[in-house]
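# Geometric and topological summary
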Amino acid sequence: MDSGRPMGFNTPEIANQCFYMVAQYLRHWHTNRFCIPLKCLKKTLPNLKKTHPWYAEIYSQVLQDVVKRVKVSFDRFIKGDSNGKRSGRPRFKQRSRYRTFLYPQAKEGCLNGNLINLPMFGKVKLILHRPIPDGFKVKTVSITKKADGYYATLSLQDETVPTIKPDFNKASFGKNHSPQKCRSELITGIDVGLKEFLTTAQNEVVAIPRYYRKAQKRLRVIQKRVSRRKKGSNRRLKAVKSLGKQHKKVADKRKDFHYKTANNLLKKYDVIAHEDLNVKGLARTNKAKSIHDAGWSNFLSILQTKAENAGLLTVAVSAYNTSQNCSACGVKVPKELSERWHSCACGCELDRDHNAAINIKNRAEGHPVLKAKSLLGDSRIVLEARAVCS
């Protein structure tokens, strides 16, 4: 984005308001032990502009969104989110850590070609990475500061777009394929790992790129440059920006790889099963760097989102003993992590990750989600799948 005025000139004031609201909320919570209603918080904003006139430079709805963000963060800390998972206590951060502010109601016609009209900023030039589809309305605009510049994220709405729900009945399998054969081919299990990024139940392997490992040499040089600069100097700030750009380059490569891998899987399969991993716990082990480099959690989140948009399904199954149990007979075959080959007394010989992927697929075929929605048309899918495989 480009503008005649310095982008983000009022971001520090927005951050100050956010921290003021956090302090006010914390003080009220410790004293009374109940949450302040959102309306009461928003009523403090007009008086704030009288006592602090420079807040008038900030768009009113942006300030209201700051109050809402503080309210949501405390609700997640006290009550938990929609899944009941509680977040940590809201804490104070540096003003430089406040990087995003939101326009909750974008005006109609705010986007004209490569110009976007933002309140209190005026017309700002931007680069559209893809055109806006016809009939869609811009609902919100969020401005984010990143290492290489400012980004505008637009949320769109079109009421004519139907809500897609997974529907895997026998008629959807196609005229040229038998239902039994399609049931076996439309579902797969994936086992993510550090040797290979993932292995499917059909023994398709996706190599792991290791973007961070490859960029470590360059990152080490820039990090030393930052540590040798005097704190608070312009030279240190310049080195920090260079380091941020390098880290963003690595993150962008990883994100692009995740999207392309998820897209390739969803082109082949309608139901994708994966392990319900505790990635945060695994990242505390001695494999933390490699696990963060692989980005399993981000990939699974992208896969789930893209599947929902396409009307497909992802199923998370228990990861317990998927690598240890034999996929042919079900007997547990203990193996160390260094042992990469599965060998069972029943005669099953295959790669460890391939064996785990088959176990994940078998568990998903009996998953209650699939049975409840009748996605595969028959509650005896496990028996039919084994018959097809044999």
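Scoring rules and cut-offs
Residues numbered from 1 in each chain as written. Predicted model: local features only at pLDDT ≥ 70, side-chain atom pairs only at ≥ 80, totals over all residues. Heavy atoms only, no water. Phe/Tyr/Trp six-rings, centres within 6.5 Å; stacked < 30°, edge-to-face > 60°. Helix = DSSP H or I, 4+ residues; strand = E, 2+ residues; numbered from the N terminus. Buried < 20%, exposed > 50% of the residue type's maximum accessible area, 1.4 Å probe, protein only. Core = buried A, V, L, I, M, F, W, Y, C linked by side-chain atoms within 4.5 Å. Contact = heavy atoms within 4.5 Å. Pairing = 2+ DSSP bridges. Axes fitted to C-alpha atoms, helices over the stretch in contact; angles between N-to-C directions.

Looking now at the packing of aromatic side chains. Scanning the entire structure with this criterion turns up six aromatic pairs. Ring centres 5.8 Å apart and planes at 40 degrees place the aromatic pair Tyr59 and Tyr103 in the tilted group. Pair noted here: Tyr59 is in the loop between helix H3 (44-51) and helix H4 (60-78) and Tyr103 is in strand E1 (residues 100-103), with a separation of 44 residues, a long-range link. By relative accessible area, Tyr59 is classed as buried at 17%. For Tyr103, a relative accessible area of 3% corresponds to the buried category. With a centroid separation of 6.0 Å and an interplanar angle of 70 degrees, the aromatic rings of Phe101 and Tyr103 are classed as edge-to-face.

Phe197 and Phe299 are the most contacted members of the largest nonpolar core, which has 21 residues in total. Those elements giving two or more residues to this core turn out to be strand E7 (187-192), strand E8 (196-200), helix H7 (234-268), helix H9 (288-294) and helix H10 (296-309). Examining the composition of this core, we find that six residues originate from one element, H10, more than from any other. What Phe299 contacts, discounting residues up to four positions off in sequence, is Ile190, Phe197, Leu198, His258, Thr261, Ala262 and Leu265.

Our next topic: the sheet that holds strand E6 (residues 149-157). Read from one edge of the open sheet, three strands run E1-E5-E6, paired in antiparallel fashion. The open sheet has two edge strands, E1 and E6, and neither has a second partner. The sheet shows a mean angle of 20 degrees between the axes of neighbouring strands, taken without regard to direction. Here strand E5 (residues 137-146) pairs with E6 via nine bridges, running antiparallel. Looking at the pairing, Val138 lines up with Leu156 of E6.

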